[in-house]
There are 2 protein chains.
Amino acid sequence: MKEIYIAGCGLAKFGKREESLEEIMCEAAEAAIKEANCDSFDAVYVGAMNPEDFNEESDISSVITDHLGLTPIPATRIETASSTGASTFDEAIYAIASGYFKRILVIAGEKMTAVSTPRATEILAEVIEKHERSLGATMPALAAIITRRYIYDYKMTREALSMVAIKNHHNGILNPYAHFQKEITREIVEGSKIVADPLRLYDCSPISDGAAAIVLSNETGYAKVIGLGHGTDYMAFHQRENLLSFRSTVSAAEKAYKMAGITPKDIDFAEVHDAFTPFEIIGTEDLGFFEKGKGWLAVLNGETDIKGALPINPSGGLKARGHPVGASGLAQIVEAAWQLGKRAGKRQLEKAEIGLTQSIGGLATNNLVTILQACLPAGRR
Amino acid sequence: MKEIYIAGCGLAKFGKREESLEEIMCEAAEAAIKEANCDSFDAVYVGAMNPEDFNEESDISSVITDHLGLTPIPATRIETASSTGASTFDEAIYAIASGYFKRILVIAGEKMTAVSTPRATEILAEVIEKHERSLGATMPALAAIITRRYIYDYKMTREALSMVAIKNHHNGILNPYAHFQKEITREIVEGSKIVADPLRLYDCSPISDGAAAIVLSNETGYAKVIGLGHGTDYMAFHQRENLLSFRSTVSAAEKAYKMAGITPKDIDFAEVHDAFTPFEIIGTEDLGFFEKGKGWLAVLNGETDIKGALPINPSGGLKARGHPVGASGLAQIVEAAWQLGKRAGKRQLEKAEIGLTQSIGGLATNNLVTILQACLPAGRR
């Protein structure tokens, strides 16, 4: 792979924000520009899942590029549902690898609280296959079907799901950008209201506003991209061979590992798409970290804790950092880069040489895997 | 530039279509697959400007890739307002140039008639700068301001605008995929209702459904990409230095000519974004074909006719082929490729070695220029 570097990263705090989508995105962009200490770019890549419905905004890449004072450079918007942040990153990587661009500013964000929660749920459901949608399917309802089947096949306990939420909330406390900054307990998780049985409120990531940004360079940076993979799957559940493994993740991971020339054993930590607690478990299995059906045991054993053998979601994940849909995929990559660059503050992992991120688009119809490696010797800033 | 080829093109007929967006897009894709005589791809790039608002569809790249039976390959949606078709093409080019992809299927489409015309107008207005929009600006209203200024500065006659529409409708008759297939006269144009003074109905492109598709290959094809350029401009009119020249086009053209190593004199024909008749005239000036303020004279002199010295919009343009917003930029490239490959049927130009396309995103905030060259000796199929 051509050497492409992350020269700077930025986040706008996730949560309920008063500012507009463009203000949040520009906040993240300015932070990344500051960290990279450079302000000239060959192009801007903008990711947002659905500003059309959430914010009545169209042509968002022009809006952001104008707000940043970067016209007349090219501005392009990328979208792959809830993996938008990751696909925006990928397209910018390809653009630099093509040789036509040297430095690109990548920004991804979403402002979901501009609409009511019922309306947000409706907008999110637009990624569901038409016939399933016409029968009233929602994202949590479909995730619940998967969860029930996982419990049936692999005898997973309720405790394992709770522990995913508890772990990620614990990590979120260490992350100043996280939506939630509070410790939770099994009582809180298991006493929270049912969203779609067996999924409870604390099994679901929140509706958030937020943005992430990365400066990519063909010259220098503190982390480099060593693997990229992208896969898709049938929209409709009834067409899928297996509900408990996402073909889109498996296909993306296979490509990313191959490009990087490594195996799952080489990964020191990962950011895994935990829009619903069972998805983190399925993700860690699809990525080859644990045997199929054993991921939930790894959670219970503490292996995925921030001090465990393979920390998963040190940032707090979508569950606690929050899930502004278009931003999440890029925020995962920001976390991985910060960990590799020893810039992760209180949640800094001891061993962080190679990190992986996995992002889910829609109901696992459009997933991406990214593998990054540290550029500096461990411990050096 | 790395050699990247157009191996096959397809269009779904433009106009008011009964089929769904995905059906129209798949129709175009299947036509391109047939022309290219290949059906395996490394990725699918999907362009649509606003299926969220027009069709309540999200994650459209997954939908299309699933409908085509192409999962689990990567699927990515690109958007830059009304230049979406062109930017989708560009991203696919960069992906192939990166070396990670060999063959990509590019599809762009829009189904605008799923909503009422007033609602479509409202959706299209979402690309306008927020403050101008809050004051009631619409796309034709802003285009009318530009037109008035052009008339004031350059003394353009009403006849010149009419002749753009008449020329493009004439060409559209020769294009079986065009929305309109009828000859028009000055009386029809100048007797049509005023949309935004001085622009009349026949100065405006229609609301259309339609799709275009291209198979890109790193190996073989009948046309090759020799120049790409992409530029942006301030959203707000009051920030622009000049209303009569689009900085986004000028910047894009400069890059495309430089990459191709040619000048405007080398271009044999062009597809120019004529969403409003004056935009074709301004486009031909910004592209360096005619002196600033003289483009309207070239139209009156017949220079841009299909049998003129520099045919503009042999396809019928947005005016007569129709303007399904996300599709138009790619449909322009399809026309250029077909002309270069001597596949343009009744509207085949005699001299077609190098062709250019120019696409406008929003109110000229996000524009692209593409330059293609024929691969086969003239006359050979």
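What counts as what
- Residues numbered from 1 in each chain as written.
- Chains lettered and ligands numbered in written order.
- Predicted model: local features only at pLDDT ≥ 70, side-chain atom pairs only at ≥ 80, totals over all residues.
- Heavy atoms only, no water.
- Contact = heavy atoms within 4.5 Å.
- Buried area = accessible area lost by both parts, 1.4 Å probe.
- Salt bridge = Lys/Arg side-chain N within 4 Å of Asp/Glu carboxyl O.
- Polar contact = N/O pair within 3.5 Å; in protein donor to acceptor, adjacent residues only side chain to side chain.
- Helix = DSSP H or I, 4+ residues; strand = E, 2+ residues; numbered from the N terminus.
- Phe/Tyr/Trp six-rings, centres within 6.5 Å; stacked < 30°, edge-to-face > 60°.
- Buried < 20%, exposed > 50% of the residue type's maximum accessible area, 1.4 Å probe, protein only.
- Lys NZ or Arg CZ within 6 Å of the ring centre and 35° of its normal.
- Axes fitted to C-alpha atoms, helices over the stretch in contact; angles between N-to-C directions.
- Parallel < 35°, antiparallel > 145°, perpendicular 65-115°, else oblique.
- Left-handed = near helix turned anticlockwise from the far one by under 90°.
- Least-squares fit on C-alpha atoms with pLDDT ≥ 70 in both.
- Pairing = 2+ DSSP bridges.
- pLDDT = per-residue confidence, 0-100.

Give a description of the interface of chain B and chain A that names residues and reports values.
Each partner contributes to the interface: chain B provides 57 residues, whereas chain A provides 57 residues. Approximately 4500 Å² of surface area, both sides summed, lies buried where chain B meets chain A, with 47% of it carried by carbon and sulfur atoms. The three residues of chain B that bury the most area against chain A are Asp59(B), Glu79(B) and Tyr100(B), which together make up 14% of that side's buried surface. Across the contact surface, chain B and chain A share eight salt bridges. Close ionic contact of Glu79(B) with Arg77(A) constitutes a salt bridge, the shortest N to O distance being 2.9 Å. Taken together, the connections running from chain B to chain A amount to 34 residue pairs in polar contact (both at pLDDT 80 or more). Elements supplying a minimum of two residues to the side of chain B that touches chain A: helix 2 (51-55), helix 3 (60-67), strand 3 (75-79), helix 4 (84-97), helix 6 (130-134), strand 8 (223-232) and helix 10 (247-260) of chain B. For the side of chain B that touches chain A, the leading source of residues is helix 3 of chain B, giving six residues.

Account for the packing of aromatic side chains, with residues named and values stated.
For any two aromatic rings, the description comes down to two numbers: the centre-to-centre distance and the angle of the planes. The full count for this structure, using the stated rule, is twelve aromatic pairs over all chains. For the ring pair Tyr94(A) and Tyr100(B), a centre distance of 5.9 Å and an interplane angle of 55° mean the geometry is tilted. Taken together, the positions of Tyr94(A) in helix 4 (residues 84-97) and Tyr100(B) in the loop between helix 4 and strand 4 (103-111) put the pair across two chains. With relative accessibility at 5%, the residue Tyr94(A) sits in the buried group. Overall, Tyr100(B) belongs to the partly exposed group, its relative accessible area being 25%. Pairing Phe276(A) with Phe279(A) gives two aromatic rings, centres 5.4 Å apart and planes at 80°, and the pair type is edge-to-face. On the basis of relative accessibility, which here comes to 7%, the residue Phe276(A) falls in the buried class. Through successive ring pairs, a cluster of aromatic residues spans Tyr94(A), Tyr100(B) and Phe101(B). We note Arg247(A) situated over the ring of Tyr234(A); from NZ or CZ to the ring centre the distance is 4.7 Å. Sitting over the ring of Tyr222(B), Arg343(B) keeps its end group 3.7 Å from the ring centre.

Outline the packing of helix 1 (residues 21-36) of chain B against helix 3 of chain B, supporting the account with residue identities and numerical values.
Residue and element names in this part refer to chain B. The contact between helix 1 and helix 3 brings their axes to 10 Å, and the two run at 60°. One way to sum up the angle between helix 1 and helix 3 is to call them oblique. In terms of crossing hand, the pair formed by helix 1 and helix 3 is right-handed. Across the interface between the two elements, Leu21, Glu22, Met25 and Cys26 from helix 1 touch Ile60, Val63, Ile64 and His67 from helix 3.

Outline the relation of the copies chain B and chain A, supporting the account with residue identities and numerical values.
Each of the two chain copies can be generated from the other by rotation about an axis followed by a shift along it. Mapping chain B onto chain A leaves a residual RMSD of 0.0 Å; the transformation is a rotation of 180° accompanied by 0.0 Å of translation along its axis. Taken together, the rotation angle and the small translation identify this as a two-fold axis. By C-alpha distance to the rotation axis, the residue of chain B lying nearest is Ser98(B), at 1.9 Å. Both copies present the same face, since 100% of the interface residues in chain B are matched by interface residues at the equivalent positions in chain A.

So what's going on with the pairing of strand 3 (residues 75-79) of chain A? Residues and values would help.
Among the five residues of strand 3 of chain A, five are classified as buried, and the element is accordingly described as predominantly covered. Burial of strand 3 of chain A is two-sided: the residues Ala75(A), Arg77(A) and Glu79(A) facing one way and the residues Thr76(A) and Ile78(A) facing the other way are all buried. Here strand 2 (residues 43-47) of chain A runs beside strand 3 of chain A; their pairing, made up of four bridges, is parallel. The residue bridging Gly47(A) from the neighbouring strand is Ile78(A), located in strand 3 of chain A. When strand 3 of chain A meets strand 3 of chain B, the two strands line up antiparallel, connected through three bridges. Each residue of the ladder has a partner; that of Ile78(A), found in strand 3 of chain B, is Ile78(B).

Kindly report on the pairing of strand 1 (residues 5-15) of chain A, identifying the contributing residues and their values.
Residues and elements named next belong to chain A. Along strand 1, ten of the eleven residues are buried, which leaves the element largely enclosed by surrounding structure. Strand direction decides the pairing type here: strand 1 and strand 8 (residues 223-232), joined by two bridges, are antiparallel. The residue bridging Ile6 from the neighbouring strand is Ala223, located in strand 8. In terms of strand pairing, strand 1 meets strand 7 (residues 209-217) through eight bridges, oriented antiparallel. By the bridge assignment for strand 7, Tyr5 is matched with Ser217.

How would you summarise unusual backbone geometry if you had to cite specific residues and measurements?
In terms of backbone geometry, most residues other than glycine have negative phi values and most peptide bonds are trans. Across the junction of Thr71(A) and Pro72(A), the peptide omega takes the value 10°, indicating a cis bond. Looking at the element boundaries, Pro72(A) is found in the loop between helix 3 (60-67) and strand 3. The residue after Asp197(A), namely Pro198(A), is reached through a cis peptide bond having omega 10°. The topology assignment puts Pro198(A) in the loop between strand 5 (194-196) and strand 6 (199-200). For Asn313(A), which is not glycine, the phi torsion reads 60° and is therefore positive. The backbone phi angle of Glu56(B) is positive, close to 50°, even though this residue is not glycine. Looking at where Glu56(B) falls in the secondary structure, it is placed in the loop between helix 2 and helix 3. Since its relative accessible area comes to 53%, Glu56(B) is described here as exposed.

Can you lay out the pattern of salt bridges for me, pointing to particular residues and giving the numbers?
All names here are of chain A. This structure, assessed with the given rule, holds 50 salt bridges over all chains. Note that Arg321 and Glu271 form a salt bridge whose closest N and O atoms lie 3.3 Å from each other. Within this pair, whereas Arg321 is found in helix 13 (residues 317-321), its partner Glu271 is found in strand 9 (residues 269-272), the two being separated by 50 residues in sequence. Considered together, Arg321 and Glu271 belong to a single accessibility category, that of buried residues.

Residue-level account of the confidence of the model for chain A, with values.
Per-residue pLDDT for chain A averages 96, and the proportion of residues at 70 or more is 98%. Taken over the whole predicted complex, pTM reads 0.97, whereas the ipTM for its chain interfaces reads 0.97.

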